[in-house]
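Each chain, letter by letter, is given below.
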Amino acid sequence: MGLRNFLDSLIRRKKEQPESEALLRSFRLQYMHFKDLLLSNAELGTIMAEIDEKLKGSNLFSMSEIRALATRSVFHTMRMVTALNAISGDRYAVLHDMVEHINSRITGILDSKPQPAIRDYTFTMDAVDKDLVDVVGGKCANLGEMRNRANIPTPPGFAITTAAYEAFLNSEGLRDEILKLLREARPDAPASVVSVSEAIFRTIDGVAVPADVMKSLLQAWDSTFDDPAGTRAALRSSAISEDGILSFSGQYRTILGVRRDSLESAFREVLASLFSPRAITYRIHHGVSFEQCAMGMACIRMVDAAASGIVFSRHPVNPLSDEMVLNAVWGLGAYAVDGIIEPDTWQIKPGAPPSITLRNIADKPVRLVSDASGKHEESVPDHLRRAPCLEPHHVFELADIAARLEAHYHHPQDIEWALDADGRILILQSRPMRLAHAHHGGLATQAIEGARLILEGAEIACSGIGTGPAVLAEGLPDLADFPEGGILVAPHSLPNYVLVMNRAQAIVTEAGSITGHMASLAREFNVPTLLNAKGAVSLIPAGGQVTVDAITGRVYAGEVPELMAFKSSRSVRVADTPVHAVLRQVADQIIPLHLLDPKSPVFKPESCTTLHDVMRFVHELCYTEMFRISDRASDAGSVSCQLKAKLPIDLHLIDLGGGLKDVDGPYVFPDQVTSEPRAALLSGMLSPNVHVRGPRPVDVGGFISVMSQHMLEPPTVQAQRFGERSYGIISDKYLNFSSRVGYHYSVVDAYCGETVSKNYITFQFKGGAADEIRRERRVRCIALILDRLGFATDVRGDMTQAKFQKYSRTETAERLDQLGRLLIVTRQMDMLMTSENAVKVMADNFMSGVYH
């Protein structure tokens, strides 16, 4: 070499060095985008699987979970689009607009909510009936319906519409703050629900009711009651969906003894009860979103009740009985519906005339009253404790009202009533009954021989069998860590226990009524429940395994095998609920796939109508774009090194750091590869057993299939044939290997190190030169082999995808070695796929180490 040529080469090397370094930096940046794209592609697939699982309707979920899934879906789709455009130089910029269009449709679905049909904040009760249920809520609509159409006596009052609720929530950013807080509530974590509820209560308490709303409420008060200043009223919740097919029994507040000057604080308090822990849990379980549960209210004059209670127009526990069940206590009915004391009970058989078939008068030591001094408990005079609360003519009058309401609504009714000081019966609310399941047959009435009986003689509120550890609870704090499958044991039957009904195997309380709120909820949740189980709290050991027999009214120690045959599985069904309907609409914007054929003229960004379409388009194009980048990097020479090895591919390695050693020049050899996943894969690819010695046996039919497919394809398809150059992008623990041979490509993406949770292998194989049938057989054979190696596989057409993750470094390296062997063996496998039998035969041979 002359001096001039030598100096020219030195100058050229100095000039090339910074250019190569700049190219490598650019490549590394683009490759980071490629990794982001692959990660988001995998995450989006997982999210779609989550949505599919929720669409089955067998697991609880809330609106906040739907929002989170939708947000994650849009985020990862947009991340894929951003990465593809970074790799391609904004070749597909229109994809951003397509994702934004889809996102706006999803947002429209999630932000839709019931709108008040009117602007009025109040109605007189004379103007209310069931047709106004979406304006005044279920309880208030039923009060008006009973008063105006069924001619049932009810207290005077007025209705507060959902427009007042909307006006309050739209003030001072209250709605957005509540939505933000609700996202933290998880149905499987009672403590999170309690924490969210407390935060929402504090937020609501700090917001004033808008002035125009309060003006309307006070005007309605003054025009409804004869003595506005001296009237005491009950402000009762009347939420949308309440007292309909779902009872919301005992979930929302009723404020007693409300006066004109306390109406504003009572309004806030009732509205806030939408967000009590038990109400949040109930809505999640039944698939009712916050947006679909606007709050109306009924403001009715207080009844100074001598006695109160509940009447069921059908037996709530025995569906084979046509008898009515009536409960009564002295004073206000809360002590009956909340199970604080045992009520008087009558069972009435309809007929002409009706007859009393059961009369049980309980000892009622206390009563709840509301007078000028407020609501308080007082002792019942001794002469009334064991006296019946009702005369026989009151019992028959209530039975007549129950029969009339069942006939009016064409459904059995759960009715709350009060007897005023003048002996008049007034109906406070009526809602549809949740009928019990049929009785279990075949179980003897006597105790199980050999089983240790803890207690018996309890009343059955919901029949069934439950077994698990006993959890003693006396208040809300005791429910925070309630275990899945526990048995709830408590002194009283409180509606608060709805918080754990989806986790409880059974419920046992020392007091309560089968007509009470908790009993109704237990039947809705189908939780085996015993009430009036005397001494349960002291007799049942906390933490001890027990079996609750809510068929014969007993509790046993330990698990009783003889009863397990009568234990029915409890499944959650949220299908056909409002939240499920919203998920279905959102899923329609995410999951359907319309872009199926990359060769179709409609396979373009403008045709993407769902996030899955965008995902499919981006994933299809990203490899082509990366091959272009890798070609450029390889052409630069100094950025990549060609691997010198006995392989049937032209392999170039691009080291991002720690993947090669002692590099000096454009070539490297296998012993210079220090990347753990690349070395493991290379070990399998270089295994002598997988390489053909001598002529490889080729099926003539398969060969003709490949050749005819090649000759029949139009020039535009033949132009898609890949070049022969393949790439390995590596670091010390990472590998992305893109191999292109003829008409097929394969991609291996892997991490192999000491941290098990980080280790993974993903593999994709697609294409081939044979006819479609043989190509599909080949990918099914590949999937069968990978499945036997422990990979999770997915086959679609002539493409197979596989994943192996979270295994040890040694196991991951072993699978990469096997994958390397498979890459060599499958190169011309499509020509050998002459029959369906060949799929299994070749898979069997591979697993046996017979590669040819």
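About the cut-offs
- Residues numbered from 1 in each chain as written.
- Predicted model: local features only at pLDDT ≥ 70, side-chain atom pairs only at ≥ 80, totals over all residues.
- Heavy atoms only, no water.
- Helix = DSSP H or I, 4+ residues; strand = E, 2+ residues; numbered from the N terminus.
- Buried < 20%, exposed > 50% of the residue type's maximum accessible area, 1.4 Å probe, protein only.
- Contact = heavy atoms within 4.5 Å.
- Areas by Shrake-Rupley, 256 points an atom, 1.4 Å probe, with all protein chains shown as cover.
- Pairing = 2+ DSSP bridges.
- Axes fitted to C-alpha atoms, helices over the stretch in contact; angles between N-to-C directions.
- Expected span 1.5 Å × (residues − 1).
- Arc of directions from axis to C-beta.
- Phe/Tyr/Trp six-rings, centres within 6.5 Å; stacked < 30°, edge-to-face > 60°.
- pLDDT = per-residue confidence, 0-100.
- Salt bridge = Lys/Arg side-chain N within 4 Å of Asp/Glu carboxyl O.

This part is about the overall build of the protein chain. The secondary structure content of the protein chain amounts to 25 helices and 30 strands. Sorting the 852 residues of the protein chain into buried and exposed places 55% on the buried side. Of the contacts made within the protein chain by residues no fewer than 6 positions apart, 66% connect residues no fewer than 24 positions apart. On the protein chain, roughly 35800 Å² of surface is accessible, and the fraction owed to carbon and sulfur atoms is 52%.

The next point concerns the sheet that holds strand β13 (residues 425-432). Taken together, the six strands give an open sheet; going across it, the order is β9-β8-β7-β6-β12-β13, and neighbouring strands pair in antiparallel fashion. The open sheet has two edge strands with one neighbour each: β9 (355-360) and β13. The mean angle between the axes of side-by-side strands here comes to 20°, regardless of whether they run parallel or antiparallel. Note that strand β7 (residues 324-330) and strand β8 (residues 344-349) share five bridges and pair antiparallel.

Another aspect to go through is helix α3 (residues 94-111). Here α3 spans 26 Å end to end across 18 residues, near enough to the 26 Å set by a 1.5 Å rise per residue. Those residues of α3 that sit buried are L95, M98, V99, I102, I106, I109 and L110. Looking down the long axis of α3, one finds its buried residues gathered within 115° of arc, a one-sided arrangement.

Tracing the sequence through the fold places M78 in helix α2 (residues 63-88). A sequence separation of 18 residues divides M78 from H96, and the C-alpha atoms of the two residues are 7.0 Å apart. Contacts of M78, omitting those with residues within four sequence positions, involve H96, V99 and E100.

So, about the packing of aromatic side chains. All chains considered together, the criterion is met by eight aromatic pairs. Aromatic pair Y92 and F617: ring centres 5.6 Å apart, planes at 80°, arrangement edge-to-face. Taken as a pair, Y92 in the loop between α2 and α3 and F617 in helix α19 (residues 611-635) lie far apart in primary sequence, 525 residues in all. Assessed through its relative accessible area of 3%, F617 is described here as buried. Between the aromatic rings of F791 and F804, the centroid separation amounts to 5.2 Å while the plane-to-plane angle is 40°, which identifies the pairing as tilted. With F791 in the loop between α23 (772-788) and β29 (792-796) and F804 in strand β30 (residues 799-805), this residue pair connects regions lying 13 residues apart in the sequence. Neither residue differs from the other here; F791 and F804 are each classed as buried.

Our next topic: the pairing of strand β10 (residues 366-371). By the criterion of burial, β10 is predominantly enclosed, with five of the six residues buried. One ladder, built from six bridges, connects β10 with strand β11 (residues 374-379); its direction is antiparallel. Residue pairing across strands places D371 opposite G374, the latter belonging to β11.

This part covers the confidence of the model for the protein chain. For the protein chain, per-residue confidence averages 82 on the pLDDT scale, and residues scoring 70 or more make up 83% of the total. Between residues 242-250, whose pLDDT stays under 50, and residues either more than four places distant or in other chains, the model counts 38 contacts.

Inspection of the entire model under this criterion finds 38 salt bridges. It is possible to trace a salt-bridge network through shared partners that takes in D129, D131, E145 and R149.

Cis peptide bonds are those with omega within 30 degrees of zero, and the linkage from A352 to P353 qualifies with 0°. Examined against the element boundaries, P353 turns out to sit in the loop between β8 and β9. Positive phi values are uncommon outside glycine, yet N151 reaches one of about 55°. Residue classification places N151 among the exposed positions, given a relative accessible area of 63%. At N532, a position not held by glycine, the phi torsion is positive, near 50°. Relative to the elements of secondary structure, N532 occurs in the loop between β19 (529-531) and α16 (536-539). Look at N532 and you get buried, because its relative accessible area is 6%.

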